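# Topology and contacts: notes
This is what each chain is made of:
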Amino acid sequence: MKFLKKENLSALFEALSADSALYLPTKDKNGKTNYARYSAGMEYSDALNTERSAKDFFFPQTEDLVDFKMEGKTIEVIDIRKPSEDYVIFGVRACDMASFDILDSVYLTDPVDSFYAERRSHATIMTMACSAPSETCFCRTFGIDPASPAGDVQCAMTDAGLYLEALTEKGEALVAKISAMLEESDGAEAAEQGKRCHEIMDRLPLSKLTPDSFGGDTMMEHFRSEKWASLSEACLGCGTCTFVCPTCQCYDIRDFDTGNGIKRYRCWDSCMYSDFTKMAHGNSRNSQLERFRQRFMHKLVYYPANNDGKFGCVGCGRCLSKCPISMNIVKVMKELEDRS
């Protein structure tokens, strides 16, 4: 394991950004933490989670796909794709790192989404172990270790400095580039911090939450539950939960007339919206109850049924803190696991 003294953190960022783009969590003018491209003097924010998840790097909220030019009856199709640059994402938490596996299972499975694959292949991910999980955290419910977040380079920040461990070939190449500023370490301080993190997780309100009552073999039982009516009653259908979720992957494709041609783009969509997957004959889910049920059935039942038991939630807690009516996947799980 390697070690970097804390006073050298800015020098590390300068070195990492010297030959590739570097993105790290930083506070914006409103005091919110989000990823931004590093520039000299930018300060790293050690906030537990960014407001928006790291999935934006591979699956952005809006994305141009192709342009069309029309002259009479002639249509010219213009490929607007450009090669991605290599870039480093620093400070990704374990929950967001786990979300990439879920997105990969969707976008890197045949037929491969070439837009997603291009950005994914150029990224080197430096994760950051959690030291102080919050009351909204429940990543361990889904088998995620917040103290061991994986990635290309696994990091842990302590009072003394930054511990780094390369886990992939990409990670080894990155660490080799900055080896001159690193020291060898046994990682004892990082291990002790990880132990304290686990102790905190054990005391959190959601520490006993389990997904044992869910999965593919519970499909019809949960689908037919009478509890969906009361659970969905107050839902506004605002889609906030889907937009902050690191594993939601639905999108719509639209055309925009620029006055000088047509621009085709895709943008995030939400299963909570009344026009989601709307077709000429109408919508297959006409009530808010049906749309609400779809979202949580997908995370807890449909996705694991098709992915060897892996759940479609990573327990990041964003939906717990952002839902305007305080309805979230935890409340759904607790209500549905009681089968009385």
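One structure accompanies this document, and this report is about it.

## Side note on the overall build of the protein
- When helices and strands are tallied, the protein shows 11 helices and 12 strands.
- A compact globule built from 340 residues would reach a C-alpha radius of gyration of about 20 Å, and the protein, at 22 Å, matches this within 12%.
- Taken over the C-alpha atoms alone, the protein extends approximately 65 × 65 × 40 Å along its principal axes.
- Taken across its 340 residues, the protein has 49% of its residues classed as buried.
- Of the contacts formed within the protein by residues at least 6 apart in sequence, a portion of 71% connects residues at least 24 apart.
- A total accessible area of about 17,100 Å² is found for the protein, and carbon and sulfur atoms account for 49% of it.
- Between the averaged position of the 41 positive side-chain charges in the protein and that of its 51 negative side-chain charges there is a distance of 5 Å.

## Some words on the side chain of E63
- Relative to the elements of secondary structure, E63 occurs in strand β4 (residues 62-71).
- Exposure remark for E63: the relative accessible area of 8% places this residue in the buried category.
- Of the polar contacts made by the side chain of E63, one reaches the side chain of R119; its length is 2.6 Å.
- Side chain to side chain, E63 and R266 meet in a polar contact 2.8 Å long.

## Observations concerning helix α5 (residues 188-203)
- End to end, α5 covers 23 Å across 16 residues, agreeing with the expected 22 Å (1.5 Å per residue, within 8%).
- For α5, the full list of buried residues reads A190, Q193, G194, C197 and M201. Take α5 and look down its axis: the buried residues cluster within an arc of 105°, on one side only. Structural note: α5 exposes A191 and R203 on the side pointing more than 90 degrees away from its buried face.

## Examining the pattern of salt bridges
- Under the defined criterion, the tally for this structure stands at 17 salt bridges.
- The residue K5 makes a salt bridge to E183 at a minimum N-O spacing of 3.9 Å. Here E183 lies in strand β10 (residues 183-184) and K5 lies in strand β1 (residues 2-5), a separation of 178 residues in the sequence.
- Classification of K5 as partly exposed rests on a relative accessible area of 37%.
- Residue classification places E183 among the partly exposed residues on the basis of a relative accessible area of 37%.
- One salt bridge in this structure joins R140 and D202, with 2.3 Å as the shortest N-O distance. Separated by 62 residues along the polypeptide, R140 in the loop between β7 (123-128) and β8 (153-157) and D202 in helix α5 bring together distant segments of the chain.
- For R140, a relative accessible area of 33% translates into the label partly exposed.
- Here the salt bridges share partners, and the residues they tie into one network are E63, D113, R119 and R266.

Each value, and the rule that gives it
Residues numbered from 1 in each chain as written. Predicted model: local features only at pLDDT ≥ 70, side-chain atom pairs only at ≥ 80, totals over all residues. Heavy atoms only, no water. Helix = DSSP H or I, 4+ residues; strand = E, 2+ residues; numbered from the N terminus. Rg over C-alpha atoms; globule rule 2.2 N^0.38 Å. Buried < 20%, exposed > 50% of the residue type's maximum accessible area, 1.4 Å probe, protein only. Contact = heavy atoms within 4.5 Å. Areas by Shrake-Rupley, 256 points an atom, 1.4 Å probe, with all protein chains shown as cover. Lys, Arg positive; Asp, Glu negative; His and termini not counted. Charge placed at Lys NZ, Arg CZ, Asp CG, Glu CD. Polar contact = N/O pair within 3.5 Å; in protein donor to acceptor, adjacent residues only side chain to side chain. Expected span 1.5 Å × (residues − 1). Arc of directions from axis to C-beta. Salt bridge = Lys/Arg side-chain N within 4 Å of Asp/Glu carboxyl O.

Honestly, that's just the spatial picture; any functional story needs more than this.
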